[in-house]
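This is what each chain is made of:
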Amino acid sequence: MSTTAVATNSNGNAQASVKLPIYMDNHATTPVDPRVLEAMLPYFTGRFGNAASRNHQFGWEAEQAVENAREQIAKLVGATSKEIIFTSGATESDNLAIKGVAEMYKEKGNHIITAATEHKAVLDTCKRLEKYGYRVTYLPVGADGLVNLDDLRRAIDDKTILVTIMYANNEIGVIQPIAEIGKLCHEKGVLFHSDAVQAIGKVPVNVIKDNIDLMSITAHKIYGPKGVGALYVRRKSPRVQITAQIDGGGHERGMRSGTLNVPGIVGLGKACALAMEEMPEESKRLAFLRDRLKSKLEQNLDEIHINGTMEHRLPGNLNMSFVYVEGESLLMGINDIAVSSGSACTSATLEPSYVLKALGLGDDVAHSSIRFGIGRFNTEAEVDYVADKIIDTVKKLRELSPLYEMVKEGIDLKKIQWATEGH
Amino acid sequence: MAYSDKVIDHYNNPRNVGTLDKSSGQVGTGLVGAPECGDVMRLQIKVNPETQVIEDAKFKTFGCGSAIASSSLATEWVKGRTVDDALTIKNTDIVKELALPPVKIHCSVLAEDAIRAAIGDWKKKQGVTAPAAVEAVKG
Ligand SMILES: Cc1ncc(COP(=O)(O)O)c(C=O)c1O
Ligand code: FES
C-alpha cells in the first residue's frame, strides 16, 4: 500500500518527496529501530538459552544478555540494575506496581490516589481494587492537564499507601510536576508510582531526582519490540516491597515469575542505550518538527485549539482541536496519514476521550481533536505534507459544517436548543 | 474502519452542499443532532407551492464520514419527490444504500430526522401563511 508523493509548500512548489502512508502516531507505538532489531536477532536462534539455566553456556549467555540490558535500562533512568524487574509491558508493570503495593501494604492503609487522565492500565487497576475494598481518589486536572499539588496534599490521609501519577500523558503529552509530587509523597511517607511509558527516552527521567519509588516502562514506545517492559522498584530510602501477581518459578527475585523474554529484553536494553545517546539531539529535532507543524496549522486555519499546556509537554506531541470539524471525518480525508482522534465517532463506545473531557473542554472540542505523535523516523518533508493535507481537509470540511457557518454569521451555538437525547 | 465505496464517493463529492434562504416561505429547514454528540445536520428543502414537489435541497453536516454521506444521499433522494413521498424515506434505506456498519446506524437515523424536521418546518410555515394548504397536505 505504499506510494510516494511530493510535498508542496503553500506556494504550490514541490519540495522533498515523501513515502505514503505516513506514520505520525508514535504515542500508540513506534517501529523497531533497525539497530535494536540487529541486537535482538542472535537471541532468537544461536543464543536461545533460558536465562534461568545455571549450568551451561546457553543459559550463561542469555543471563549475561539480560543483565547487560538491565544495566542499560537502569542507566537511562538513574536506577541500579537490581531495581529493574522485567515484565510483558507497561500494562503488566502498572498492574504489578499498584496491586503489588496494595496487597503488601494493606495493614498500613487502603487508600490510593491517582488522576483522572491516567492510562486505562492504571485506572482500571484502581477500579478493581475498589471492588476489593480499597478507596481510590481520582484527582482532577486543570485545563493545562496538570494535577494541582495542593489537591494532592489535601487528598493524602493517614490511610494513603500509594500515589500513582503518570509522567507524561499519552494523549496530550503534558508532563506532570513529577519531582514535586514525589517530594510531597516522601514527606508524607507515601509510596509514589509513575507510569513513565511516554516520557522515557523522550525527556530526562531520573528516579532519584524525581523521587519515584516505582516506575513503569515499555519497549514499544521507544523503538523497541512490543510485549516487553519493566518495572523499577526502589531498593533503598525507602526499600519498596511488592507482592507478586504472577506466581511460578520465582524469577525476578520472586516479583515476577516466568521465563524471561531474552530477545525482547535485549531489545528494550538496546532501545534505552540508543535513547540515552540520542535524546539530547533527538528531542531538539522533534520539538523543531512539532513547532513547525503547529505554526503552519496556526497560520493557515482559524478556530483551532491546543489541548493541554505547551509549556510542559513532550517534544513530539501536538494535540489540537479543529473546532466545528468532526475528528473521524477529518481522519477520513487524510487517510494516507496515520494519526488519531479523541472523537466519539472513532471509538467503539461512541464516547469522546475521557482525557480531553477531564481538561474541562466541551465534548464538541473533544470531537474535533487530533493527536499528532512525531517520532524518530519522521522527516521535515513529512511534517509539511501532513500540515498541507490537514489544512486542505479542514477547509473543505468547514465548507460542509453548519456549525462553522453559524458561528461565522455570529450565532452563539450555546444558545441554540439542541436535541441532545439519543447519543 | 473500512468505508464502503459509496460512503467514500459521497464524502469526496458531497452532493447539494449549501444553504437556502431559511426566511423564504418555500424553504423548510431541519437542524438536528447536537455539537456535544459530535453530529449536527442541517437539511433544507425548497418546495413548489403548487405541486408540493421538493425542487431543491441543500445540506451541511458536522459529523463523521457516514453522517456526511447519509445527509448527502438524503438530499439526492428528496429532490423531485413530493413532500409526502419524501416522508416515506427510512433510515434503513440509507443504511442499505451506503452499506453502513451497525455502529453507524445512528448517522442514518439523524438523516431521516433531518428530512422530517425540514418538512415539519416547511409545513409549519404553510400553516402560518396558507392554512388551506395544510389541510390539503393532511387530506
Ligand atoms: C501511558 C501508557 N501506559 C501504559 C501503556 C500500555 O503499555 P503496553 O502496551 O506496554 O502494555 C501505554 C500504551 O498503550 C501508555 O501510553
Ligand atoms: S456522526 Fe458520530 S458516528 Fe457518525
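Check the entry above for the structure.
Criteria and cut-off values
- Residues numbered from 1 in each chain as written.
- Chains lettered and ligands numbered in written order.
- Predicted model: local features only at pLDDT ≥ 70, side-chain atom pairs only at ≥ 80, totals over all residues.
- Heavy atoms only, no water.
- Helix = DSSP H or I, 4+ residues; strand = E, 2+ residues; numbered from the N terminus.
- Areas by Shrake-Rupley, 256 points an atom, 1.4 Å probe, with all protein chains shown as cover.
- Lys, Arg positive; Asp, Glu negative; His and termini not counted.
- Charge placed at Lys NZ, Arg CZ, Asp CG, Glu CD.
- Phe/Tyr/Trp six-rings, centres within 6.5 Å; stacked < 30°, edge-to-face > 60°.
- Lys NZ or Arg CZ within 6 Å of the ring centre and 35° of its normal.
- Near = heavy atom within 4 Å.
- Polar contact = N/O pair within 3.5 Å; in protein donor to acceptor, adjacent residues only side chain to side chain.
- Nonpolar A, V, L, I, M, F, W, Y, C, P; charged D, E, K, R; others polar.
- Axes fitted to C-alpha atoms, helices over the stretch in contact; angles between N-to-C directions.
- Parallel < 35°, antiparallel > 145°, perpendicular 65-115°, else oblique.
- Left-handed = near helix turned anticlockwise from the far one by under 90°.
- Contact = heavy atoms within 4.5 Å.

### Notes on the overall build of chain B
- In terms of helices and strands, chain B carries six helices and three strands.
- In chain B, the succession of α and β elements from N to C terminus is α-β-β-β-α-α-α-α-α.
- Structurally, chain B occupies a C-alpha span of about 50 × 25 × 20 Å along its principal axes.
- Accessible surface computed for chain B: about 5900 Å², of which carbon and sulfur atoms make up 55%.
- Positive and negative side-chain charges in chain B, numbering 17 and 17 respectively, have mean positions lying 2 Å apart.

### Observations regarding the packing of aromatic side chains
- The tally for this structure, following the rule as stated, stands at three aromatic pairs over all chains.
- The ring of A:Tyr354 carries A:Lys120 above its face, with NZ or CZ at 4.4 Å from the centroid.
- Its end group placed over the ring of B:Tyr11, A:Lys396 keeps NZ or CZ at 4.5 Å from the ring centre.

### Side note on the site of ligand 1
Residues and elements named next belong to chain A.
- In the vicinity of ligand 1 lie 13 residues, with Thr91, Asp195, Gln198, Thr218 and Lys221 positioned nearest.
- In this structure, a nitrogen atom belonging to ligand 1 sits 2.5 Å away from a side-chain N or O atom of Asp195.
- Coverage of ligand 1 by the protein chains reaches 85% of its 390 Å² of free accessible surface.
- The dominant element in the shell around ligand 1, judged by the number of residues it contributes, is helix H3 (residues 90-104), at three residues.
- Here the shell around ligand 1 is composed, by residue class, of three nonpolar, seven polar and three charged.

### Quick look at the packing of H3(A) against helix H4 (residues 120-131) of chain A
All names here are of chain A.
- The contact between H3 and H4 brings their axes to 9 Å, and the two run at 30°. Overall, the two elements H3 and H4 adopt an arrangement that is roughly parallel. Viewed along their axes, H3 and H4 form a crossing whose handedness is right-handed. Contact residues: H3 offers Thr91, Asp94, Asn95, Ile98, Lys99 and Ala102, while H4 offers Ala121, Val122, Thr125, Cys126, Arg128 and Leu129.
- The class makeup of the residues in the contact of H3 with H4 is six nonpolar, three polar and three charged.

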